[in-house]
Structure formats: structure tokens, C-alpha cells
Amino acid sequence: MKFSTCSGVTALAAALVVGGSTAAFALGPTADQRVDGVIVVSGNTCSWTNARTSANPPSALTVDRTSINPPGGNLTCSGGITATLNNNPAFTFDDANGTAKTDAIDISGKQSFVSCRFKATNIAWKRDGSSRKYLNQAFTATKVSGSFLCPGSVTTGAGEASMLFH
């Protein structure tokens, strides 16, 4: 298996990254300050559920990485990848335009003996209808550190990651 799948893990956090559930939640006051995330990269899927947020959209918020990373969270990836989110991503929302932005996603991924760390900044999201599910716009994460086997950057195409706030 190519190591490029580990690079996709980086995009996950960026997608914090990024929304797994198919359930739609209406805009409104019933949110419980949680977020589910999913990303599919090179045929591998990384996801988590019920990560804590500091507020409910459309208020600006941060996502608590300790509620994503095990043992406090349930981030898992297929394809033999392990991932760790290194920061608490901050989200801002523009409800009138149905968009959101994330300041930065910093994630480490490991597959077999190869470890890579990537960071993406200014990630844009588009709301899916009237739900609190957001789909990513294309973005590139740049290698921060890791093996020479790690690519210099990885790109996640539009809609390959999502966040579902609930």
C-alpha cells in the first residue's frame, strides 16, 4: 500500500478535520456542542463522533482535540493508519452565505513505520442545505515534519471531507 494514504489523514483533521453522519440537523437552538467528522483519502476513511466544541454554530467555536484523539475520543482510520490531531481548530461561520472557515488543522499520521505531520490553513466549508453539515472546499495540507517518504503536500478535493455539528 502506498504511504500516500497517511497523507490523507492530515486532510481528515483539516476536515476536522472534518462530517460523518447522514442525519440532517436543522439550524436552530437544539445543538449539543458536538461535531462528527469524516474524510476519505486514497480509498481510506478516517472518522470520529461526538467531539466537543466550545459553542454552537453560528457562533465562533473551537473543536477540542482531546475529544477526537483516543483515549478521550474515537478517531479511527482504515488502511492501517493512525492519526492524531495536534491543535484545537477554530471555526467561524457566515450563516447568511452558508459558509464556514477553519483557521488551521495540524495532524500527524502514521502507517507502518512511516510518520508524517501536515498542516492546512484557512480551510473553507460550504453548508449542505439547511443542516449543520459542512462540506470542504478543496485544500492543500503542507508537510511540517516526518519521513522522507512523506509527500511535501497533499490535496483534498471538494466534498471529500465533512463536519456535522449537532
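Being a predicted model, the structure only gives us computed values, none of them experimental.

Novice: Teacher, can you tell me more about the overall build of the chain here?
Specialist: Looking only at helices and strands, one finds 1 helix and 12 strands in the chain. Starting at the N terminus, the α and β elements of the chain follow one another as α-β-β-β-β-β-β-β-β-β-β-β-β. Here the chain, with 166 residues, has 46% of them falling under the buried criterion. If you sum the accessible surface of the chain, you get close to 7200 Å²; carbon and sulfur atoms cover 52% of it.

Novice: How do you make sense of the nonpolar core when you look at a structure like this?
Specialist: Within soluble globular proteins, side chains that are nonpolar generally end up buried alongside one another. With 33 residues, the main nonpolar core has Phe91, Trp125 and Phe165 as its most contacted residues. Sorting the residues of this core by element identifies strand E1 (34-41), strand E2 (44-52), strand E5 (81-85), strand E6 (90-94), strand E7 (99-111), strand E8 (114-127), strand E10 (139-146) and strand E12 (161-165) as the ones contributing at least two each. Among the elements that take part in this core, E8 stands out by supplying 6 residues, more than any other.

Novice: Quick question: what am I supposed to make of the state of the cysteines here?
Specialist: What is meant by a disulfide is a covalent connection between two cysteines, made through their sulfur atoms. Applying the stated criterion to the full structure yields 2 disulfides. Note that Cys116 is cross-linked by a disulfide to Cys150, the S-S spacing being 1.8 Å. Residues Cys116 and Cys150 share a disulfide whose torsion about the S-S bond is about -90°; that sign makes it left-handed. Within this pair, whereas Cys116 is found in strand E8, its partner Cys150 is found in the loop between E10 and strand E11 (153-156), the two being separated by 34 residues in sequence. Sequence-ordered numbering of the bonded cysteines in the chain gives a pairing of 1-2, 3-4.

Novice: Mind showing me how you'd approach the environment of Tyr134 here?
Specialist: Secondary-structure assignment places Tyr134 in strand E9 (residues 133-136). Relative accessible area serves as the criterion here: at 1%, Tyr134 is assigned to the buried category. Between the C-alpha atom of Tyr134 and that of Gly159, which follows or precedes it by 25 residues, the distance is 8.8 Å. A distance of 2.7 Å separates a polar atom in the side chain of Tyr134 from a polar atom in the side chain of Arg132.

Novice: Any chance you could explain the pattern of salt bridges here in plain terms?
Specialist: Opposite charge on two side chains makes pairing possible when the charged atoms of those side chains draw close. Under the defined criterion, the tally for this structure stands at 4 salt bridges. Salt-bridge contacts for Arg132 lead to Asp95; the nearest nitrogen and oxygen are separated by 2.9 Å. With Arg132 in the loop between E8 and E9 and Asp95 in the loop between E6 and E7, this residue pair connects regions lying 37 residues apart in the sequence. Using a relative accessible area of 26% as the deciding quantity, one classes Asp95 as partly exposed. Asp106 is the salt-bridge partner of Arg117, the closest N and O atoms lying 2.7 Å from each other. A residue pair is termed long-range when its members are at least 10 positions apart, and Arg117 in strand E8 and Asp106 in strand E7 qualify at 11 residues. By sharing partners, the salt bridges in this structure join Asp95, Arg127 and Arg132 into a single network.

Novice: What is the right way to read the pairing of E6 from this model?
Specialist: On a regular strand, each side chain points to the face opposite its neighbour's, so the side chains alternate between the two faces of the sheet. Here E6 shows a clear split, with Phe91 and Phe93 buried on one side and none of Ala90, Thr92 and Asp94 buried on the other. As paired elements, strand E3 (residues 61-62) and E6 share 2 bridges and run antiparallel to each other. Along E6, the bridge assignment pairs Leu61 with Phe91. Here 4 bridges tie E6 to E7, and the two strands are oriented antiparallel to one another. Bridging across to E7, Phe91 finds its partner in Thr102. Here E6 folds back onto E7 in antiparallel fashion, the turn holding 4 residues, of which Gly98 has a positive phi close to 65°.

What counts as what
- Residues numbered from 1 in each chain as written.
- Predicted model: local features only at pLDDT ≥ 70, side-chain atom pairs only at ≥ 80, totals over all residues.
- Heavy atoms only, no water.
- Helix = DSSP H or I, 4+ residues; strand = E, 2+ residues; numbered from the N terminus.
- Buried < 20%, exposed > 50% of the residue type's maximum accessible area, 1.4 Å probe, protein only.
- Areas by Shrake-Rupley, 256 points an atom, 1.4 Å probe, with all protein chains shown as cover.
- Core = buried A, V, L, I, M, F, W, Y, C linked by side-chain atoms within 4.5 Å.
- Disulfide = S-S within 2.5 Å.
- Polar contact = N/O pair within 3.5 Å; in protein donor to acceptor, adjacent residues only side chain to side chain.
- Salt bridge = Lys/Arg side-chain N within 4 Å of Asp/Glu carboxyl O.
- Pairing = 2+ DSSP bridges.

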